[in-house]
Amino acid sequence: MSDRLTYEEKKELPDSAFGLPERREYPMPDAAHVRAAEAYFRYCPENLKPHLAKAILQRAHEFGVDIHSPAVLAYAAG
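This one's a predicted model, so the numbers in the text were calculated from it and none came from an experiment.

Asker: Outline the packing of aromatic side chains, supporting the account with residue identities and numerical values.
Answerer: Counting across every chain of the model gives two aromatic pairs. Geometrically, the ring pair formed by Tyr40 and Tyr43 is tilted, given 6.0 Å between the ring centres and 35 degrees between the ring planes. Judged by its relative accessible area of 55%, Tyr43 falls in the exposed class.

This is the structure we're talking about:
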């Protein structure tokens, strides 16, 4: 899988593979996409950042990715 998902690939992913499943945004089917979600976290709407931050940390743990973003860590904590 490349770092870009095609429309068809994204359509086939389960809701659980997304950082924001209700909006099907921030797909994280693998480690590369977890890192991309971390990088694009700043574009997430403010009211959804806590939910996305927690999802990023959960998926990062599943794929063995270290999260370094202070913003992601801060929103996930609290």
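Asker: How would you sum up the nonpolar core? Please name residues and give values.
Answerer: If you look at the biggest cluster of nonpolar residues, it comprises 18 residues, and the most contacted ones within it are Val34, Leu52, Ile56 and Ile67. Where this core is concerned, the elements lending two or more residues are helix 2 (31-39), helix 3 (49-63) and helix 4 (70-77). Broken down by element, the residue count for this core peaks at five residues, all from helix 3. Once residues lying within four places of it in the same chain are set aside, the contact partners of Val34 are Met28, Ile56, Arg59, Ala60, Phe63, Val65 and Ile67.

Cut-off values and rules
- Residues numbered from 1 in each chain as written.
- Predicted model: local features only at pLDDT ≥ 70, side-chain atom pairs only at ≥ 80, totals over all residues.
- Heavy atoms only, no water.
- Phe/Tyr/Trp six-rings, centres within 6.5 Å; stacked < 30°, edge-to-face > 60°.
- Buried < 20%, exposed > 50% of the residue type's maximum accessible area, 1.4 Å probe, protein only.
- Core = buried A, V, L, I, M, F, W, Y, C linked by side-chain atoms within 4.5 Å.
- Helix = DSSP H or I, 4+ residues; strand = E, 2+ residues; numbered from the N terminus.
- Contact = heavy atoms within 4.5 Å.

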